[in-house]
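# Results of the structural survey
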Amino acid sequence: MTPYYFGLINRDDPKDPLRRMVIPLPAEQEVLPGERQDPLGEEERTRVPGLVHRYPDRVLLLAAGECPVYCRYCTRGRIVGQRDAPRPNRRRWQDAVDYIADHTEVHDVLISGGDPLILGDAKLEWLVAALREIPHIDIIRIGSKVPFVLPMRITPDLCRRLQPCQPLYFSLHVNHPNEITAAACDACELLADHGFVLGSQTVLLQGINDDADTLRRLFRELLCIRVRPYYLLQCDPITGSGHFRVPVDRGLEIMRQLRGTISGYGIPQYILDIPGGAGKVPLSPDYIEGRTSKDLLLRDIHGNSGFSYPLR
Ligand SMILES: *Cc1c(COP(=O)(O)O)cnc(C)c1O
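### Focus on the packing of aromatic side chains
- This model, assessed by the stated rule, comprises four aromatic pairs.
- Centroid distance Tyr 73 to Phe 244: 5.5 Å. Interplanar angle 80°. Geometry classified as edge-to-face. With a gap of 171 residues between them, Tyr 73 in the loop between strand E3 (58-62) and helix H3 (90-102) and Phe 244 in the loop between strand E8 (228-234) and helix H9 (248-258) connect regions that are remote in the sequence. Of the two residues examined, Tyr 73 and Phe 244, each falls in the buried class.
- Sitting over the ring of Tyr 55, Arg 58 keeps its end group 4.1 Å from the ring centre.
- The aromatic ring of Trp 93 is capped on one face by Lys 123, whose charged end is 6.0 Å from the ring centroid.

### Focus: the site of the ligand
- Around the ligand sit Val 52, Arg 54, Tyr 55, Arg 58, Leu 60, Leu 110, Arg 141, Tyr 230, Tyr 231 and Lys 280, and those are all the residues in its vicinity.
- Within the side chain of Arg 58, one N or O atom sits 2.7 Å away from an oxygen atom of the ligand.
- Interatomic distance of 2.6 Å between a side-chain N/O atom of Tyr 231 and an oxygen atom of the ligand.
- Bound to the protein, the ligand loses 90% of the 390 Å² it would expose on its own.
- Going through the elements one at a time, strand E2 (51-55), E3 and E8 are the ones with two or more residues in the shell around the ligand.
- Ranked by residues supplied to the shell around the ligand, first place goes to E2 with three residues.

### Observations concerning the pairing of E2
- The element E2 is extensively covered by neighbouring structure, given that four of its five residues are classed as buried.
- Inspection of the sheet shows strand E1 (residues 46-48) paired to E2 by two bridges, in the antiparallel sense. By the bridge assignment for E2, Val 48 is matched with Leu 51.
- Sheet analysis places E2 next to E3, joined by three bridges and oriented antiparallel. When the sheet's bridge partners are listed, Leu 51 is paired in E3 with Leu 61.
- The hairpin turn running from E2 into E3, its antiparallel successor, is two residues long.

Definitions and cut-offs
Residues numbered from 1 in each chain as written. Predicted model: local features only at pLDDT ≥ 70, side-chain atom pairs only at ≥ 80, totals over all residues. Heavy atoms only, no water. Phe/Tyr/Trp six-rings, centres within 6.5 Å; stacked < 30°, edge-to-face > 60°. Helix = DSSP H or I, 4+ residues; strand = E, 2+ residues; numbered from the N terminus. Buried < 20%, exposed > 50% of the residue type's maximum accessible area, 1.4 Å probe, protein only. Lys NZ or Arg CZ within 6 Å of the ring centre and 35° of its normal. Near = heavy atom within 4 Å. Polar contact = N/O pair within 3.5 Å; in protein donor to acceptor, adjacent residues only side chain to side chain. Areas by Shrake-Rupley, 256 points an atom, 1.4 Å probe, with all protein chains shown as cover. Pairing = 2+ DSSP bridges.

So, in structure tokens, the structure goes:
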């Protein structure tokens, strides 16, 4: 991890939430049924090295093979930080760019990895600019945890270089209010001031953020730094992740507790990525209780039933 992130951890607290995300525990050795190294079947859907094409209109480009901080629940731990990780080299990127240019049905490129923001300014600018030249690409997204683990990497110069490539979105990985420091605020502010659209991705993690109060605090703080909560992700069943995973019913209960107690802008979609690679699906508490021939039967956010809305 970065010295910066290490400094955020309370060394006297074995349950410190940031510590649990990055320091290995013996529990990782325990492999539970259904766990896999590549739960999302990304390898099967890799078209050219480092390019995953799972949805018709979007691709995932693994630009770098390394991260500033290695999360223990990483869904791509099989490659990221490993010897055969995708290398950040232009020849490989060019193959990916050519593939995307040939596939006119692709409108959205998600650059992830490895964390793309550990690349040097010039390299990153080259890649983003090459993608921006493709006429059928609408948005480019950068998936990153850098504002929360290495915030000083977000510099005015980096922002200026990327600005001509708008519309550029950032999907920022953040899981706990302790990650939102003054430095992280400055980094997000710089990105937002340059007009980039900022969204968050939060992994629901046992003992770290699996309660409505912690998440409400996180999402409110994100709203204040102009990061719109985008996804709350059910932890993928990667090998050795059992101690991190929260039962889906608990996740649904947390979503139920958030609704009505925070601005709607502060409520992300709760997402499960179906093992095997069928894609992401939203999970939601059910507010529809049933139907009659005339009415939709509803319950309110407090769980009171007996409400209805005319079906037509
Ligand atoms: C998550 C993901 C995307 C992006 O999905 P959105 O729901 O549009 O955010 C694209 N490609 C792959 C392979 C993914 O895993």
